[in-house]
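Single-letter residue listing:
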Amino acid sequence: YLHHYCPKGHPKAMSQNTVMKHMQRFKKIVTLGYHLEWMERNPFNRWKPSFTRTNREFLSQEELRVLEEYDFLLDRLDRVRDLFIFSCYTGISYADMIRLTHKNISKGSDGKFWIFTERGKTKVPVKVPVLPKAREIINKYDEHAITKVTGTLLPVITNEKLNLYLKEVAQAAQIHKNLTFHMARHTFATTVTLSNGVPIETISKLLGHTKIATTQIYARVLERRISEDMNALEQKLEKNRK
């Protein structure tokens, strides 16, 4: 079994998917050694990873609305909520979001404002149209004391504090889910885009994915969307009968 160690030194078992990710990286090193003729055979030659399908949480349309409209008394929670909502309407991860400046925003060929950036993890270019809610948040922090000092588009906060404060945000807004920042990206892929009819190929481009299969993990078809599609089909079938 593979284990990782928490700060106190107590071993904690890894999940199946984490083990597979580490094994894939290990396989690359071993395969390189084989090609350099440091070993006679590649022990990973017939090995294939076995991932467990996970159930990724996201906010529903109602939960997203509640979070948007909730009036937080503490400024730090208000800022964290805004960062989360911004990601819900752009799909941009936290690591990429905190690097954004006004230089990343310019008009596209359609005459509207877009965010032009790249995923820090993969260096894949990402182009995202600025939806009204995202634009509202950008304007809110345009002359903010924090962004004036940092020169960033939005107020910067450490990832550790961000996810800690999100627990307080969820509790205050009475959202009974384990609110993490990555859930905003899931919400963008499902509630904001897919459930409103945006094709999965478009969502894949917006998220900066290189494979549709990766997007399919995030973007699950919601029951409401299935119902709408089937109702449309039913109407077409009825029309064809007449």
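See the structure shown above.
Residues numbered from 1 in each chain as written. Predicted model: local features only at pLDDT ≥ 70, side-chain atom pairs only at ≥ 80, totals over all residues. Heavy atoms only, no water.

Novice: Looking at this model, I keep getting lost on the overall build of the protein chain. Mind explaining?
Specialist: Of regular secondary structure, the protein chain possesses 11 helices and five strands. In the protein chain, buried positions account for 37% of the 242 residues. A fraction of 57% describes how many contacts in the protein chain between residues 6 or more apart in sequence connect residues 24 or more apart. Surface summary for the protein chain: the accessible area is close to 15,900 Å², and the carbon and sulfur share equals 54%. (Helix = DSSP H or I, 4+ residues; strand = E, 2+ residues; numbered from the N terminus. Buried < 20%, exposed > 50% of the residue type's maximum accessible area, 1.4 Å probe, protein only. Contact = heavy atoms within 4.5 Å. Areas by Shrake-Rupley, 256 points an atom, 1.4 Å probe, with all protein chains shown as cover.)

Novice: Hey, could you run me through the layout of surface pockets in this one?
Specialist: A probe matching the size of a water molecule, rolled over the atoms, marks out where space remains unfilled. Computed from the structure, the second largest pocket encloses a volume of approximately 230 Å³. Along its surface, the second largest pocket is lined by Ser93, Tyr94, Ala95, Asp96, Arg119, Gly120, Lys121, Asn159, Asn163, Phe181, His182 and Arg185. Breaking the lining of the second largest pocket down by element, the ones donating at least two residues are α4 (94–97), α7 (159–173) and α8 (182–193). Considering each element in turn, the lining of the second largest pocket owes the most residues, three residues, to α4. (1 Å grid on protein atoms, 1.4 Å probe; cavity = no way out; pocket = protein on both sides within 12 Å on 5 of 7 lines; lining within 4 Å. Points joined across faces, edges and corners; volume = space filled by probe spheres on them.)

Novice: Explain a nonpolar patch on the surface to me, please; I cannot follow it from the model alone.
Specialist: Together, Ile226, Met230, Leu233 and Leu237 make up an exposed nonpolar region whose accessible area comes to about 350 Å². Assignment of secondary structure puts Leu233 in helix α11 (residues 223–241). (Patch = residues over 30% accessible without salt bridge, like charges linked within 9 Å, V, L, I, M, F, W, Y side chains within 5 Å. Salt bridge = Lys/Arg side-chain N within 4 Å of Asp/Glu carboxyl O.)

Novice: Before we go on, may I ask you to explain the environment of Thr190 in this structure?
Specialist: Along the chain, Thr190 turns up in helix α8. The spatial distance from the C-alpha of Thr190 to the C-alpha of Ser60 is 8.7 Å, given a sequence separation of 130 residues.

Novice: It is not clear to me how empty space enclosed by the protein should be interpreted in this structure. Could you clarify?
Specialist: Enumeration according to the criterion identifies one cavity of 30 Å³ or more in this entry. When its volume is computed, the largest cavity comes out at roughly 50 Å³. Along its surface, the largest cavity is lined by Gly91, Ile92, Ser93, Asp96, Thr117, Glu118, Arg119, Val126, Arg185, Leu206 and Leu207. Residue assignment for the lining of the largest cavity shows that the elements contributing at least two residues are β4 (113–118) and α9 (200–207). Here the lining of the largest cavity is built from residues that sort into four nonpolar, three polar and four charged. (Nonpolar A, V, L, I, M, F, W, Y, C, P; charged D, E, K, R; others polar.)

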